[in-house]
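Observations on the three-dimensional arrangement
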Amino acid sequence: MASVYERPLPRRRMLQLMGGAAAAGTLAACGSSSSGSGNGNGRLKVIGAGSQEAGLRKALEQYKAKNADFDFNLSFSPADQLQTALRAQLAAGNAPDLHAVYPGNGSAMSMVQLSKAKLLADLSDQAWTQKIPTGFKGAYQQDGKTYIFSPGTSVLGAIYNKKAFATAGVEPPTTWSELLTVCETLKKKGIVPLALGAQTPWVTQLINYALVPGTVYAKQPDFDDKMAAGSATFAGSGWADAMNKYLELQKRGYFNANPNGTTYEQATSMVGTGKAAMAVQVSAVLQAYRAAAPTPDDLGMFPLPATDTVADNWIPGGIVVGLAVSAKSKKADQARKFIEFCGQPEVVRAWAEAVACVPLYSDGAAKVDPVLKPFLPYLADNKAVPFMDQRWPNAEVQPTHFAVVQELLGGRTTVDGALKKMDEAYRKTA
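Computed from a predicted model, the values in this text were never measured in an experiment. (Residues numbered from 1 in each chain as written. Predicted model: local features only at pLDDT ≥ 70, side-chain atom pairs only at ≥ 80, totals over all residues. Heavy atoms only, no water.)

A short note on the pattern of salt bridges
We count it as follows: Criterion for a salt bridge: a side-chain nitrogen of Lys or Arg within 4 Å of a carboxyl oxygen of Asp or Glu. Three exposure classes are used, based on accessible area relative to the maximum for each residue type with a 1.4 Å probe and protein chains only: buried under 20%, partly exposed in between, and exposed over 50%. Strands here are runs of E lasting at least two residues and helices are runs of H or I lasting at least four, both read from the DSSP assignment and numbered beginning at the N terminus.
According to the stated counting rule, one finds 11 salt bridges in the structure shown. Here aspartate 222 and lysine 226 are joined by a salt bridge, their closest N and O atoms 3.7 Å apart. Taking the relative accessible area as the measure of exposure, aspartate 222 reaches 33% and is therefore partly exposed. The partner of glutamate 407 in a salt bridge is lysine 421, and the shortest N-O contact between them spans 3.2 Å. In this pair, glutamate 407 sits in helix H15 (residues 397-409) while lysine 421 sits in helix H16 (residues 415-426), placing the two residues 14 residues apart along the sequence. Judged by relative accessible area, glutamate 407 falls into the buried class, the value being 19%.

Looking at the environment of alanine 158
Rules: What makes two residues a contact is simply this: any of their non-hydrogen atoms within 4.5 Å.
Here alanine 158 is to be found in strand E7 (residues 152-161). In this structure, the C-alpha to C-alpha distance between alanine 158 and glycine 300, residues 142 residues apart in sequence, is 8.3 Å. The contacts of alanine 158, once residues within four sequence positions are left out, are Ala279, Val280, Gly300, Met301, Phe302 and Leu304.

Some words on the environment of arginine 427
With respect to the helices and strands, the residue arginine 427 is situated in the segment after H16. Counting along the chain gives 34 residues from arginine 427 to proline 393, while the straight-line C-alpha distance between them is 8.3 Å.

Some details on the confidence of the model for the protein
Formally: pLDDT: the predictor's confidence for each residue, scored from 0 to 100.
When the pLDDT values of the protein are averaged, the result is 87; 88% of them are 70 or greater. In the model, residues 1-32 has pLDDT below 50 throughout and makes 139 contacts with residues more than four positions away in sequence or in other chains. Every residue in residues 36-40 is under pLDDT 50, and counting partners more than four places away or in other chains gives six contacts.

Notes on the packing of helix H9 (residues 239-251) against H16
So the rule is basically this: Between N-to-C directions, angles span 0 to 180 degrees; the directions come from axes that are lines fitted to C-alpha atoms, helices contributing only their stretch in contact. Any angle from 65 to 115 degrees is called roughly perpendicular, while one under 35 is roughly parallel, one over 145 is roughly antiparallel, and all others are oblique. Each crossing gets its hand from how the near helix is turned against the far one by less than a right angle, where anticlockwise is left-handed and clockwise is right-handed.
Running from N to C, H9 and H16 cross one another at 130°; their axes reach a closest spacing of 10 Å. One finds that H9 runs oblique with respect to H16. Remark: the crossing between H9 and H16 carries right-handed chirality. Two secondary-structure elements touch here, H9 through Trp239, Ala240, Met243, Asn244 and Leu247 and H16 through Val415, Ala418, Leu419 and Met422.

Topic: the side chain of asparagine 161
Operational definition: N or O atoms within 3.5 Å of each other form a polar contact, as long as, within protein, one can give a hydrogen and the other can take it, and as long as residues adjacent in sequence are counted only when both atoms are side-chain atoms.
Structurally, asparagine 161 is set in strand E7. A polar contact of 3.0 Å, which involves the side chain of asparagine 161, links it to the backbone nitrogen of alanine 164. Separated by 3.5 Å, the side chain of asparagine 161 and the backbone oxygen of glycine 272 make a polar contact. Those residues in contact with asparagine 161, other than ones at most four positions away along the chain, are Val271, Gly272, Thr273, Gly274, Ala276, Ala277, Asp298 and Leu299.

Topic: the nonpolar core
For clarity, the threshold we go by: Definition used in this section: a nonpolar core is a set of buried Ala, Val, Leu, Ile, Met, Phe, Trp, Tyr and Cys residues joined via side-chain atoms within 4.5 Å.
Membership of the largest hydrophobic core comes to 150 residues, with the highest contact counts inside it found for Trp239, Met278 and Phe338. Ranked by residue count, the leading element in this core is helix H7 (residues 206-217), at eight residues.

Here's the deal with the packing of aromatic side chains
Worth spelling out the cut-off: Aromatic contacts are taken between Phe, Tyr and Trp rings whose centres are within 6.5 Å, Trp giving its six-membered ring; a plane angle under 30 degrees counts as stacked, one over 60 as edge-to-face, and the others as tilted.
Taken as a whole and judged by the stated rule, the model has 21 aromatic pairs. Ring centres of phenylalanine 234 and tryptophan 392 lie 5.9 Å apart, and the angle between their planes is 90°; this geometry places the pair in the edge-to-face category. Pair noted here: phenylalanine 234 is in the loop between helix H8 (223-229) and H9 and tryptophan 392 is in the loop between strand E14 (384-385) and H15, with a separation of 158 residues, a long-range link. Taking relative accessible area as the criterion, phenylalanine 234 reaches 1% and is therefore assigned buried. Exposure remark for tryptophan 392: the relative accessible area of 4% places this residue in the buried category. Where tyrosine 246 meets phenylalanine 255, the ring centres are 6.1 Å apart and the plane angle is 80°; that geometry is what we call edge-to-face. A single burial state applies to tyrosine 246 and to phenylalanine 255, both of which are buried. Ring pairs connect the aromatic residues Tyr209, Phe234, Trp239, Phe387, Trp392 and Tyr426, which therefore count as one cluster.

Comments concerning the environment of phenylalanine 234
Once the C-alpha coordinates of phenylalanine 234 and lysine 420 are considered, the two residues, 186 residues apart in sequence, prove to be 7.6 Å apart. Setting aside residues no more than four positions away along its own chain, phenylalanine 234 makes contact with Met227, Trp239, Ala240, Trp392, Val397, Leu419, Met422, Asp423 and Tyr426.

Things to note about H9
Our working definition: Each residue after the first adds 1.5 Å to the expected span of a helix.
The end-to-end C-alpha distance of H9 is 18 Å, a good match for the 18 Å that 13 residues give at a rise of 1.5 Å each. Taken residue by residue, H9 has Trp239, Ala240, Ala242, Met243, Lys245, Tyr246, Leu247 and Leu249 as its buried positions. In this structure, the buried residues of H9 make contact with helix H6 (176-188), strand E8 (192-194), H7, H8, H15 and H16. Phi turns positive, to about 80°, at glycine 253, one or two residues after H9.

Brief notes about helix H10 (residues 264-273)
Turning to H10, its buried residues are Tyr264, Ala267, Thr268, Met270, Val271 and Gly272. Taken from the residues just after H10, glycine 274 is the one with a positive phi, measuring 90°.

Some points on unusual backbone geometry
One non-glycine residue, asparagine 258, lies in positive phi territory at about 55°. Along the chain, asparagine 258 falls in the loop between H9 and H10. On the accessibility criterion, asparagine 258 (52% relative accessible area) is exposed. Not every positive phi belongs to a glycine, and alanine 356 is a case in point at roughly 55°. Along the chain, the position of alanine 356 falls in the loop between helix H13 (345-354) and strand E13 (358-359). Alanine 356 gets classed as buried once you look at its relative accessible area, which sits at 4%.

Next up, the structure:
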């Protein structure tokens with residue numbers, strides 16, 4: 001891995017981010033591993049999100065090295081299975097002892113939804129929970145109780161192949177018009193400008209999430225409050241501008257052929273190998289993109305511009321997918337001890353570095369991956385907002401968003417029709 005950026009962390013806006021992007025950043029691939037050769041019934045069963053594999057695996061191995069009687073069985077599930085099969089296991093009482101949970105609200109596997117269903121163990125008595133910055137508490141806590149551990153904040157922008165950019169003679173754009181020019185130049189060079197794996201549902205949301213901070217929140221920072229109060233709608237906001245721009249990229253031929261038939265993994269490979277120049281993604285998946293590239297340094301990342309006024313470009317950022325203890329686990333005490341270990345500053349730091357996110361809190365030695373350097377000024381200048389689903393009131397809006405984007409790309413709906421469905425989902429009550 002490349003060396004890390006060592007400037008002091010900007011904190012002002014970071015303290016206001018509570019992010020979710022419930023499915024964003026979870027690798028659509030399964031894997032499993034075990035530690036030790038003892039009876040599997042004596043191990044903690046752990047199901048994680050793929051984007052957190054490097055950090056979670058490191059923390060488990062570190063804890064095992066310090067606790068000879070600790071053992072674990074670790075596996076990873078794709079986003080769709082986390083939202084369906086794992087959710088069903090939790091309700092049935094046969095869930096793993098430790099499992100992935102998405103921060104805040106907005107999905108069936110979010111902290112708020114699961115804690116309301118009394119499926120998560122309370123972690124509030126652990127010392128690390130007292131260090132959660134005030135602005136982050138909505139991602140970790142429900143009714144004043146902490147139910148999830150997460151190592152820090154991920155940002156969302158364009159991961160790009162530096163060699164592809166060099167071949168086309170282009171630089172990262174800073175305005176929407178510049179982005180279109182860069183894409184056109186790449187296309188003429190025979191390079192797919194933007195890889196889009198929209199067959200994988202959670203990928204569908206990312207371009208909108210990258211554009212909406214500039215088209216909505218830069219003009220209406222209180223948009224979420226207005227939505228909650230019923231005085232704003234998706235259809236009557238800059239969401240329409242963002243979706244029209246999403247479609248413009250498709251109409252200009254800047255995506256790979258058949259995005260709805262392309263998976264996350266295929267899009268990752270396209271960017272890693274240079275067949276495609278860019279993909280809009282969360283920084284938590286940088287590890288996967290680097291693994292797909294000849295060398296990690298082939299890849300960079302920049303904020304995706306949404307407007308032609310540089311000052312109006314904002315970024316999305318949010319707490320990365322975390323880990324929780326099943327309320328029905330027979331090994332809850334052991335699982336809670338591991339979570340407490342994860343909350344130590346040096347473990348938070350190591351996990352955050354492993355998955356290219358900004359640590360939740362620092363012990364003075366925290367480092368940030370150099371690829372994230374272009375995003376730090378936005379965090380420092382209050383030009384960052386949580387992932388959109390963080391403030392959505394139920395678990396209906398996000399899957400509706402996934403579906404309508406696929407319909408838009410397939411020519412089966414309009415922007416007005418898509419936003420109408422999202423507004424209807426938003427107004428649903430539990």
